[in-house]
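# Secondary and tertiary structure notes
Letter by letter, the chains look like this.
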Amino acid sequence: MAGQAIHLKKEILVRIIKAFLSDNFEEQTRLIPFAMRPKGMEVPYRCCIYKERAIIKDRTIAGLGFPIEEDDETVSLGTYAKRALERTEIDDKNLTVLQAACKGCATNRIYVTDLCQGCVARPCTTACKFGAVSIVNGKSVIDDEKCKKCKMCVNACPYNAIVKITVPCEDSCPVGAIKKDETGFASIDYTKCINCGRCTAACPFGAVHEKSQIIDILKAIKSEKKVIAMIAPSIAGQFPGNIYQLKSAIIKAGFDDVYEVAQGADITATNEAKEFVERMEKGDSFMTTSCCAGYNQLIKKHLPEIKPFVSDTKTPMYYTAELVKKEFPEAVAVFVSPCVAKRAESFENKNVDYVMNYEELGALFIAKQIQIMDCEPAKYAVESSKQARNFGFTGGVADSVKSALNDEESIKPCIINGLNKDSIRQLKKYATSGTCEDGCNMVEVMCCEGGCIGGNATINNQKTAKKLIEQLSNESKDIEKI
Amino acid sequence: MAKVEVKVCLGTTCFVMGGNNLQELNDIIPQKYGDKVEVMGSNCLGLCSINWEYSKAPYVKVDDEVVTEATVEKVLEVIDKKLG
C-alpha cells in the first residue's frame, strides 16, 4: 500500500492498543485524533486540521472494529471504545470504506486532455464504435453517456492526448465488488466480495480498512482464558529475528502459547496428496488446491462450476485450529494472518475465534515495546516440514503435494499465481472443458500474486520475505511420504 | 577522509513501520559511493523509545545525523550533503 497511508493506519493501531493498555481506555481513545494532530501542527494532507482529525477518527473507528459507513459523526471515539469493550459478537463484514477519502478520487472515465491537437485525421472518432467522440471547437470531446470505456480512442490517438482516468480500488478488484456509485463514494458489495484485500492495498488514500478485532483479542488476553496464537507460514519473512524468537515475542505480548500453522499445512499436504491419488485413479483429469481462503470465496460466489475439481482437503488453518481445540477446548484461538480473506474463513470455522493480521501483531509489539531480536528462541511442540513452511509463496503448495507423493512423476502441476480477470477466465475454462492445458493435472491457486507473502496485510517486501522463509525451510526436515 | 557510516535500524518498531523498504540501501550505497560510505544494519538504535516517537520510525543514522521517517531518497540526500 501507498507508504504514508499504511504508516498512518499502523500508527493508529499502536495508539488504540496503547489506549487499551492505559488506565483509561475510553478517554485515551477519544484523544487519538488530537494526539496525532495537536493544535498548531502543520497540516500534512487535508485542507485543515479539523478535517485531518475527522479522518483519523474514522480510521480509528475501523481499528476498533466498527463500520465507518454507519458513523453519523455524533458518537465520540470514547463511546466507540466502550462499545468495543462491551461487544460479544464481531462483525462478519470484514472491510469498511472511509468514504470521505473517496472525494479526492475522480470517477472512472475516458478524458481528453489539453494535448489534443485537433488533428485532421481524427482517428479517435473513427476508432470509437459507439459514436461517443465528437469534435467541438476543433477538439475531441467524449460523450460520457455513450462511452463504454473500451479505450479504443486512447489507443488510437497519436499524441497520447486521451487518457483513461482509473479508480484504483475498482481496477484492483478481480470480481467487480467495489464500485464508486453515483454519489462518488466507493462501497463494497458483499454478495460479490471475495475478501482478497486487493482494494485495501490499492487505494492511494488508504480508504479501505479491515475491521480490526484487536480489542476483542486484547480483551481475551486480559481475561483468565488461555489465548493461543496460530501463526501462518508466511510470517517467517515478516519480522526481524527468526520464528523461534517470534514465539517468545508473541508470548511476551500476552499469548499463552504459539502454534505454527505449518503444522496444519503438513496435514493439508498429506491429505491432498492422498486425495490426488484417489481422484486420478477414479479418472479425474485434474484437481485444484483448496487452501487459499480468497480462492474458496471465489468458488462459492463466482465459480461454482469448478467445485467438482477442487480438493476436499481442509486448510492448514482448519487443521491447526482443530489440534489446538482438541488439546485446549476452552482456549481462545487466534489466527495470525497475512490477509483479510482468512477473516472470512474464520467465520465459517467455530474453532477459530479471532484473526489478527501481521500489521496488527506488529502494532502490538510496538505498543508493548517488544524487541524480537532480543527474545530468547523458544521451541515449538512440533517441528514442521520444509515443504509446509513453504506454503506461503507461489508454487509452495503444489511442491508440498508433489513431495508427499511416492511417485512424484505422476503429478504435473500448473500454477495460478494471483486471481485477476484473466486467471479467473482461465479457471472457468478448465472447469467447463473439464481439462487443463498441457497435460497438467494439479492446479495450485493462490489469490494473491506471489502467494501469501503478497497478502494485503504483509509487512515485508516479497523478495526479502521469500528469502527469509527459505532460510528457515532449508534447515527443516522433508515432508513424509504418504 | 573518514568513511560515512550509515546505520539502518532493524529494531521491531522500525521494521514494522516501513524499514523493510530500506533494505535496498544495501545494494544502492556500495554501487553509488564505493568504499566512501559504509552501510550496516543495527539493533534497535533506541530512538523510538525517546518520548515514544514510534510514529517517526523508521530511523536511519548517517554518522551522527538522525533521519526520521526514513526513505531511500531521504538517506541518499543526507549522504550527498555529507560528501559535499
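Residues numbered from 1 in each chain as written. Chains lettered and ligands numbered in written order. Predicted model: local features only at pLDDT ≥ 70, side-chain atom pairs only at ≥ 80, totals over all residues. Heavy atoms only, no water.

### Some thoughts on the domain arrangement of chain A
By the assigned domains, chain A splits into domain 1 (3-99 + 173-211), domain 2 (109-165) and domain 3 (216-473). The gap between the C-alpha centroids of domain 1 of chain A and domain 2 of chain A is 39 Å. (Domains from an automatic or database assignment.)

### Here's the deal with a negative patch on the surface
Residues and elements named next belong to chain B. Judged by side-chain charge, Glu-5, Glu-38, Asp-63 and Asp-64 come together as a negatively charged surface patch. With respect to the secondary-structure elements, Glu-5 resides in strand 1 (residues 4-9). Judged by its relative accessible area of 35%, Glu-5 falls in the partly exposed class. (Patch = residues over 30% accessible without salt bridge, like charges linked within 9 Å, V, L, I, M, F, W, Y side chains within 5 Å. Areas by Shrake-Rupley, 256 points an atom, 1.4 Å probe, with all protein chains shown as cover. Salt bridge = Lys/Arg side-chain N within 4 Å of Asp/Glu carboxyl O. Lys, Arg positive; Asp, Glu negative; His and termini not counted. Charge placed at Lys NZ, Arg CZ, Asp CG, Glu CD. Helix = DSSP H or I, 4+ residues; strand = E, 2+ residues; numbered from the N terminus. Buried < 20%, exposed > 50% of the residue type's maximum accessible area, 1.4 Å probe, protein only.)

### Observations concerning the interface of chain A and chain B
Taken together, the contact pairs 24 residues of chain A with 18 residues of chain B. When chain A packs against chain B, close to 1,900 Å² is buried across both sides, 58% of that on carbon and sulfur atoms. The largest share of the area that chain A buries against chain B comes from His7(A), Ile366(A) and Gln371(A), three residues that together contribute 31% of it. Our enumeration of links across chain A and chain B arrives at zero salt bridges. Taken together, the links from chain A to chain B amount to eight residue pairs in polar contact (both at pLDDT 80 or more). Top contributing element to the side of chain A that touches chain B by residue count: helix 1 (residues 3-21) of chain A, with seven residues. Partitioned by chemical class, the residues of the side of chain A that touches chain B number eleven nonpolar, nine polar and four charged. (Contact = heavy atoms within 4.5 Å. Buried area = accessible area lost by both parts, 1.4 Å probe. Polar contact = N/O pair within 3.5 Å; in protein donor to acceptor, adjacent residues only side chain to side chain. Nonpolar A, V, L, I, M, F, W, Y, C, P; charged D, E, K, R; others polar.)

### A word on the nonpolar core
One recurring pattern in soluble globular proteins is that nonpolar side chains are buried together. In this structure, Ile215(A), Phe239(A), Ile250(A), Phe255(A), Leu361(A) and Phe365(A) are the most contacted members of the largest nonpolar core, which totals 85 residues. Among the elements that take part in this core, helix 1 of chain A stands out by supplying eight residues, more than any other. Residue contributions to this core reach at least three from each of two domains, namely domain 1 (3-99 + 173-211) and domain 3 (216-473) of chain A. With near-sequence residues (within four places) excluded, Phe239(A) lies in contact with Leu246(A), Tyr358(A), Leu361(A), Gly362(A), Phe365(A), Ile372(A), Ile459(A), Phe15(B) and Val16(B). (Core = buried A, V, L, I, M, F, W, Y, C linked by side-chain atoms within 4.5 Å.)

### Digging into the pattern of salt bridges
All names here are of chain A. Applying the stated rule across the entire model yields 25 salt bridges over all chains. Here Arg-279 ties to Asp-312 by a salt bridge, and the two come within 3.5 Å at their closest N and O atoms. Here Arg-279 is found in helix 12 (residues 262-282), whereas its partner Asp-312 is found in the loop between helix 13 (293-301) and helix 14 (316-327), with 33 residues between them in sequence. Judged by relative accessible area, which is 53%, Asp-312 ranks as exposed.

### Some details on the packing of aromatic side chains
Residues and elements named next belong to chain A. Applying the stated criterion to the full structure yields seven aromatic pairs over all chains. Their ring planes at 85° and their centres at 5.6 Å tell us that Phe-239 and Phe-365 sit as a pair that is edge-to-face. On the criterion of sequence distance, the pair formed by Phe-239 in the loop between strand 9 (227-231) and helix 11 (243-252) and Phe-365 in helix 16 (residues 358-367) is long-range, its members being 126 residues apart. Residue Phe-239 is classed as buried on the basis of its relative accessible area of 3%. Judged by relative accessible area, Phe-365 falls into the buried class, the value being 0%. Above the face of the Tyr-80 ring, Arg-83 is positioned so that its terminal group lies 5.6 Å from the ring centre. Between the NZ or CZ atom of Lys-148 and the centre of the ring of Phe-130, over which it lies, the distance is 5.8 Å. (Phe/Tyr/Trp six-rings, centres within 6.5 Å; stacked < 30°, edge-to-face > 60°. Lys NZ or Arg CZ within 6 Å of the ring centre and 35° of its normal.)

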